[in-house]
Protein chains: 2
Amino acid sequence: MTDTAPASGRRRRDSVDRRKEIIDAAAAIFSEKGYAATSIRDVAEAVDILKGSLYYYVKSKEELLFEVIQEVHQGGLANLEGGRRDGSALDRIRSFVERHITYNARNLAKMTVFLHDFRSLGPELRAEIIEARDVYDRHLRALIAAGQAEGSVRATIDPRLASFSILGSINWTYQWYRPEGPNTIEEIASEFADMAVNSVRSPGWTGKA
Amino acid sequence: MTDTAPASGRRRRDSVDRRKEIIDAAAAIFSEKGYAATSIRDVAEAVDILKGSLYYYVKSKEELLFEVIQEVHQGGLANLEGGRRDGSALDRIRSFVERHITYNARNLAKMTVFLHDFRSLGPELRAEIIEARDVYDRHLRALIAAGQAEGSVRATIDPRLASFSILGSINWTYQWYRPEGPNTIEEIASEFADMAVNSVRSPGWTGKA
C-alpha cells in the first residue's frame, strides 16, 4: 500500500507532462498549418501516439485549441500583474511593452494560434477570449490616460487609438520574430519600449522613462 | 455585324464585373470563416449562382485566394508609388503611414485575408507574396535610414526593428478597425502617423513633420 501513492503520483505527473506535450505539439502544428487544416491525427503523429490514445488526454481538437489560447490568456494576465507599479505612467508603459514583447517572443507558436485561430472557437469560448483581450487593452488605455493626467503623455492623443497602435506594434512580433534572428529578445523589448514611450511622450515632459 | 462588337464588349464587361463580384464575395467569406473552412459552394451561394457556373469565372479556391492577395499587393505598390517624395524623411514616413492606414481601413476583408491566409497558398505563390511584403519593409527601412542620415531620426535606432514596429502598428488595424466605429479613417491615419513619426524622431530635430 505504501508503494501505490508514489506510483500513482508519478503516473499523474507523467500524464500531466504528456498532456502538456500534446498541447505544445498542437500549438506548433496549428501555427504552421492553421487550425482548420490540422487533424487530430496530425497531432497524434507529432507526439508519436495512436489517435485513439490521444483521446485519453483531450476530448477534441477544439479542446486543444482552447487550451492553447487559455494558456496565452493566463500568461497575459501574469504579464499585467507582474508589471511595474511605481514610477511615471511612461515607466509603466515601458514595463508593459517589455514584458509583453518578451512573452510573445518566448511563446511564438502559441501567440500565433491565439491571434489567428480564436475565430475557430465556438461563440462562448470566443467571447471569453475577446473579454481577455479587452482586459489588456483597457489596462494600456488606463496607463495612457494616467500619463495625460500627470503630463507625461501628449494631451491631444486618443488613448483608444494610442493603445491600438502600441498593441499592434507588440503583437505583430509573431509575424517576423525568429529566435535565430540578429537581435536578442532583450534588445527587441528595449527598442520597442523606447519607440512606444516616444510615440506618446509629451514634448515638455522632462522625466526619464 | 456592327451590333456584335458592342454586345460582346458589354458581355465582356459584365463578365469582368461578375468576376470582381465573386472575388469580393470570396474575400468577405475567407476573412470571416478563414480560407480552409470556406468551400467554393459558400462563395457561389453568396453571389447567388450555381457552383458549376462559378467555374466559368475561376478555376479553383486557390485562384480566388491568389486574386484577393494579388489585389492587396497591387494596392500596396500603388501606395508606395503615390507616396510623398519631397520633404524630410519624417514627412515621407508620415505619408507612408497615412496612405497605408487609409488603404487598410478601406480594404478590411482583403487585408485580413492577405495577412491571415497567405500561408494557404502553394510554395510558389507564397514566395511571391513574401517578396511583396519585403518591398514594403525595405521601403520603410530606407526612409528610416535616410532620416538618420539627415538627422531627423534617432541615430541609435535599428531601422529593421523600427520598421517592424511601425508596420505592426499599421497592419494591426484590421484587428480592431470597424467602419461604424467612433473615428473617421482620416482621424486614425493622422493620429497613427503622428505616433509613428514621434516613435523615431530625433529629440534635437526642429523640422516640422
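Calculation rules
Residues numbered from 1 in each chain as written. Chains lettered and ligands numbered in written order. Predicted model: local features only at pLDDT ≥ 70, side-chain atom pairs only at ≥ 80, totals over all residues. Heavy atoms only, no water. Core = buried A, V, L, I, M, F, W, Y, C linked by side-chain atoms within 4.5 Å. Buried < 20%, exposed > 50% of the residue type's maximum accessible area, 1.4 Å probe, protein only. Contact = heavy atoms within 4.5 Å. Least-squares fit on C-alpha atoms with pLDDT ≥ 70 in both. 1 Å grid on protein atoms, 1.4 Å probe; cavity = no way out; pocket = protein on both sides within 12 Å on 5 of 7 lines; lining within 4 Å. Points joined across faces, edges and corners; volume = space filled by probe spheres on them. Helix = DSSP H or I, 4+ residues; strand = E, 2+ residues; numbered from the N terminus. Nonpolar A, V, L, I, M, F, W, Y, C, P; charged D, E, K, R; others polar. Buried area = accessible area lost by both parts, 1.4 Å probe. Salt bridge = Lys/Arg side-chain N within 4 Å of Asp/Glu carboxyl O. Polar contact = N/O pair within 3.5 Å; in protein donor to acceptor, adjacent residues only side chain to side chain. Phe/Tyr/Trp six-rings, centres within 6.5 Å; stacked < 30°, edge-to-face > 60°. Lys NZ or Arg CZ within 6 Å of the ring centre and 35° of its normal.

Asker: Even after reading the chapter, I still don't get the nonpolar core, so can you show me in this structure?
Answerer: In this structure, Ile93(A), Val97(A), Ile93(B) and Val97(B) are the most contacted members of the largest nonpolar core, which totals 126 residues. When residues no more than four places from it in sequence are discounted, the contact partners of Ile93(B) are Leu140(B), Leu143(B), Ile144(B), Ile166(B), Val197(B) and Val200(B).

Asker: Sorry, what's going on with the relation of the copies chain A and chain B here?
Answerer: The second copy of the chain is related to the first by a rotation about an axis and a shift along the axis. The operation relating chain A to chain B is a screw motion whose rotation component is 180°, with 0.0 Å of axial translation and a residual RMSD of 0.0 Å. Between the two chains, the operation in question is that of a two-fold axis.

Asker: Even after reading the chapter, I still don't get empty space enclosed by the protein, so can you show me in this structure?
Answerer: One simple way to see leftover space: roll a probe sized like a water molecule over the atoms. The full count for this structure, using the stated rule, is two cavities of 30 Å³ or more. Each pocket or cavity is described by its volume, and for the largest cavity that value is around 100 Å³. Along the wall of the largest cavity there are 13 residues; nearest its centre are Ser165(A), Ser199(A), Ser165(B), Ser169(B) and Ser199(B). Taken together, the elements giving at least two residues each to the lining of the largest cavity come down to helix 8 (159-171) and helix 10 (185-200) of chain A together with helix 8 (159-171) and helix 10 (185-200) of chain B. Considered class by class, the residues forming the lining of the largest cavity number seven nonpolar, six polar and no charged. Put simply, the second largest cavity is a space of about 30 Å³. If you trace the second largest cavity, you find it lined by Ile101(B), Asn104(B), Ala105(B), Thr173(B), Trp176(B), Tyr177(B) and Ile188(B). Looking at the lining of the second largest cavity, the elements that each hand over two or more residues are helix 5 (89-106) and helix 9 (173-176) of chain B. Among the elements that take part in the lining of the second largest cavity, helix 5 of chain B stands out by supplying three residues, more than any other.

Asker: Would you take a moment to explain the interface of chain A and chain B for this structure?
Answerer: It is common to report an interface's size as the accessible area lost on association of the parts. Contacts between the two partners involve 39 residues from chain A, matched on the other side by 39 residues from chain B. Among the residues chain A hides against chain B, the three largest losses belong to Arg119(A), Trp172(A) and Met195(A). Together they make up 21% of the total. Summed over the shared surface of chain A and chain B, the number is zero salt bridges. Summed over the shared surface of chain A and chain B, the number is six residue pairs in polar contact (both at pLDDT 80 or more). Listed by contribution, the elements that provide at least two residues to the side of chain A that touches chain B are helix 1 (4-33), helix 6 (108-117), helix 7 (123-150), helix 8, helix 9 (173-176) and helix 10 of chain A. The element best represented in the side of chain A that touches chain B is helix 8 of chain A, accounting for nine residues. Among the residues forming the side of chain A that touches chain B, the class breakdown is 17 nonpolar, 13 polar and nine charged.

Asker: Would you mind showing me how to read the packing of aromatic side chains here?
Answerer: For any pair of aromatic rings, geometry is given as the distance between the ring centres together with the angle between the planes. By the definition in use, this model includes twelve aromatic pairs over all chains. Ring geometry for Trp176(A) against Phe164(B): centres 4.3 Å apart, planes inclined by 5°, an arrangement best described as stacked. Separated into two different chains, Trp176(A) in helix 9 and Phe164(B) in helix 8 make up a pair that spans both. Each member of the pair, Trp176(A) as well as Phe164(B), carries the same accessibility label: buried. Linked through ring pairs, Phe164(A), Trp176(B), Tyr177(B) and Phe192(B) together constitute an aromatic cluster. The cationic tip of Lys61(A) hangs over the ring face of Tyr35(A); the distance from NZ or CZ to the ring centre is 4.3 Å.

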